[in-house]
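Close look at the chain arrangement
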Amino acid sequence: MATGRVDLDGNPIKPVTICMIGAGGFIGSHLCEKLLEVTPHKVLAVDVYNDKIKHLLEPSSLWGDRIQFHRLNIKNDSRLEGLIRMADLVSILAFLALISAFLFDFGGDLCSITTVNLAAICTPADYNTRPLDTIYSNFIDALPVVKYCSENGKRLIHFSTCEVYGKTIGYFLPKDSPLRQDPDYYLLKEDASPCIFGPIEKQRWSYACAKQLIERLIYAEGAENGLEFTIVRPFNWIGPRMDFIPGIDGPSEGVPRVLACFSNNLLRREPLKLVDGGEAQRTFVYIKDAIEAVLLMIENPARANGHIFNVGNPSNEVTVRQLAEMMTQVYTKVSGEPPVDTPTIDISSQEFYGEGYDDSDKRIPDMTIINRQLGWNPKTSLWDLLESTLTYQHRTYAEAVKKATSKPVAS
Ligand code: NAD
């Protein structure tokens, strides 16, 4: 059945059933929304949480018949374990049985299945404090998914990270070297840049290293066994529903990624904490722009298969200190509240993240491959994406934070 939609080469797009693992997270929730709103595709949404996609699952939702949620931990779900024991098969095949059972229930067509794997521990505060969980989550737990896709001829879109590049070559040059301004020394290219990590005792690199190894495994499955794959390297995608606000919809002691950390400080009228002077440079892309790129990958397999794609916005580069200043300015506008007297404070990475932390100096994506294959370009400026995101943060959390902070402290 055709959908009325055509791909980039003018061919009709057939509806597919997408098994999305990690669908309940930040990126997954936006991808589910987009797929339901503008395509006829079906989604098998797999995650341990569904709070961020609840609005899509409600019986009154327009799309209830095209999305099905399966609460499942791919690491240790008892159904998975039961199947492995019962069938006396390797876990890979048990996983296959499980996914097939979803399809049977859903009336899906096994031939049209695409798997999008987003499941991961991906908050920097975990990389050096929970390195084992980080490595297991990003490498070991993804193995059955890759194997299943490879052995059954299913297409896989796997989410990796821009962290696989590690540090830039320019970082190792003297601080005053003019070569540091030369893109050859900092631009991150999928098919040319090396992956430069710190020593093993800097456990921060556990995440990047696990992601790199799963990328290599997927690539090798493609080369040796014909797996149809696409690897996505997100460069700081940000927007509404990213992470949590500690003490409101996540643990009080939790440390989310920078957008939610700074949002939390702004909501609580605290200074924003700048780790190691906030000197690291990052490029930020609006989640809604980035989701357009993923949709192009889903609907243009002939152009996306076998490729690794940087997905970021090279025009939106700032230091983390500049990001803090911009967020303070934008939050003043959207909340109507003046900034606090001391908008930022410096903190060492040792104090903020603990032993074993390290960082990438600069991350600018080269866009040649995604431009050539999919014609994709990001549209939203950093000012605009911060305005829509902080408007969302203020509307969603300001009241709850006020209530939480006005409660008398228990003696
Ligand atoms: P997220 O934490 O919001 O989403 C990940 C989801 O995976 C969560 O809902 C989590 O519950 C689920 N999950 C984790 N382990 C699971 C398991 N064992 N079984 C079932 N579900 C499990 O993160 P996100 O920002 O949406 O990131 C999605 C992917 O993109 C990750 O692989 C991440 O490494 C990658 N990535 C994202 C960014 C970004 O800018 N947001 C940057 C680099 C890489």
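This text follows the structure it describes.
None of the values given here were measured: they were computed from a predicted structure.

1. Considerations on the packing of helix α9 (residues 258-267) against helix α12 (residues 320-335)
Close contact between α9 and α12 brings their axes to 11 Å; oriented N to C, the two are set at 45°. The orientation of α9 with respect to α12, classified from their angle, is oblique. Like other packed secondary-structure pairs, α9 and α12 cross with a definite hand, here right-handed. Of the residues in α12, those touching α9 at Val 258, Leu 259, Phe 262, Ser 263, Leu 266 and Leu 267 are Val 320, Leu 323, Ala 324, Met 327, Thr 328 and Tyr 331. When the residues that make up the contact of α9 with α12 are grouped by side-chain class, the tally is 10 nonpolar, 2 polar and no charged.

2. Regarding the packing of α12 against helix α15 (residues 382-406)
Taken N-terminus to C-terminus, the directions of α12 and α15 make an angle of 55°; their axes are 9 Å apart at the nearest point. By the criterion of interaxial angle, the relationship of α12 to α15 is oblique. Considering how the two elements wind past one another, α12 and α15 form a crossing that is right-handed. For the pair formed by α12 and α15, the contact residues are Leu 323, Met 326, Met 327, Gln 329, Val 330, Tyr 331, Lys 333, Val 334 and Ser 335 on the first element and Leu 382, Trp 383, Leu 386, Glu 387, Leu 390, Thr 391, His 394 and Ala 398 on the second. Each residue belonging to the contact of α12 with α15 can be placed in one class, and the counts come to 11 nonpolar, 4 polar and 2 charged.

3. Here we look at the site of the ligand
Taken together, 26 residues lie around the ligand, and Phe 26, Asp 47, Asn 73, Tyr 207 and Trp 237 are the ones closest in. Between the ligand and the protein, one listed contact pairs an oxygen atom with a backbone N or O atom of Gly 25 at 3.1 Å. Between Arg 257 and the ligand, the recorded distance is 2.9 Å, taken from a side-chain N or O atom to an oxygen atom. Isolated, the ligand exposes 820 Å² of accessible area, and the fraction of that covered by the protein chains is 89%. Of all the secondary-structure elements, those providing two or more residues to the shell around the ligand are α1 (26-38) and α8 (205-225). When grouped by side-chain class, the residues that make up the shell around the ligand number 15 nonpolar, 7 polar and 4 charged.

4. Notes on the packing of aromatic side chains
For the coordinates displayed, the defined rule picks out 8 aromatic pairs. Judged by centre distance (6.0 Å) and plane angle (45°), the rings of Tyr 165 and Phe 235 are tilted. One end of the pair, Tyr 165, is in the loop between β5 (155-159) and β6 (187-188); the other, Phe 235, is in the loop between β7 (229-234) and β8 (237-238), with 70 residues separating them in the sequence. We classify Tyr 165 as buried; its relative accessible area is 1%. Judged by relative accessible area, Phe 235 falls into the buried class, the value being 0%. Residues Phe 197 and Trp 205 carry aromatic rings whose centres are separated by 5.6 Å and whose planes lie at 15° to one another, so their mutual orientation is stacked.

5. A look at α8
With 21 residues, α8 should cover 30 Å at 1.5 Å per step; its first-to-last C-alpha distance of 29 Å lies within 8% of that length. The set of residues buried in α8 consists of Trp 205, Ser 206, Tyr 207, Ala 208, Ala 210, Lys 211, Gln 212, Ile 214, Glu 215, Ile 218, Glu 221 and Gly 222. Once α8 finishes, Gly 226 follows within two positions and takes phi at roughly 75°, a positive value.

6. A look at the environment of Asp 126
Secondary-structure assignment places Asp 126 in helix α5 (residues 124-127). Residues contacting Asp 126, with those up to four places away along its chain left out, are Ile 121, Pro 131 and Thr 134.

7. A closer look at the pattern of salt bridges
Close approach of charged atoms allows side chains of opposite charge to pair. Counting across every chain of the model gives 20 salt bridges. Between Glu 215 and Arg 233 there is a salt bridge, with the nearest N and O atoms lying 2.6 Å from each other. Separated by 18 residues along the polypeptide, Glu 215 in helix α8 and Arg 233 in strand β7 bring together distant segments of the chain. Pair check on accessibility: Glu 215 and Arg 233 agree, each one buried. The salt bridge partner of Glu 387 is Lys 333, with a shortest N-O separation of 2.9 Å. With Glu 387 in helix α15 and Lys 333 in helix α12, this pair connects stretches of sequence that are 54 residues apart. A relative accessible area of 30% means that Glu 387 is categorised as partly exposed. One salt-bridge network, held together by shared partners, links Glu 163, Arg 204, Arg 282, Asp 359 and Arg 363.

Reading the values: the criteria
Residues numbered from 1 in each chain as written. Predicted model: local features only at pLDDT ≥ 70, side-chain atom pairs only at ≥ 80, totals over all residues. Heavy atoms only, no water. Axes fitted to C-alpha atoms, helices over the stretch in contact; angles between N-to-C directions. Helix = DSSP H or I, 4+ residues; strand = E, 2+ residues; numbered from the N terminus. Parallel < 35°, antiparallel > 145°, perpendicular 65-115°, else oblique. Left-handed = near helix turned anticlockwise from the far one by under 90°. Contact = heavy atoms within 4.5 Å. Nonpolar A, V, L, I, M, F, W, Y, C, P; charged D, E, K, R; others polar. Near = heavy atom within 4 Å. Polar contact = N/O pair within 3.5 Å; in protein donor to acceptor, adjacent residues only side chain to side chain. Areas by Shrake-Rupley, 256 points an atom, 1.4 Å probe, with all protein chains shown as cover. Phe/Tyr/Trp six-rings, centres within 6.5 Å; stacked < 30°, edge-to-face > 60°. Buried < 20%, exposed > 50% of the residue type's maximum accessible area, 1.4 Å probe, protein only. Expected span 1.5 Å × (residues − 1). Salt bridge = Lys/Arg side-chain N within 4 Å of Asp/Glu carboxyl O.

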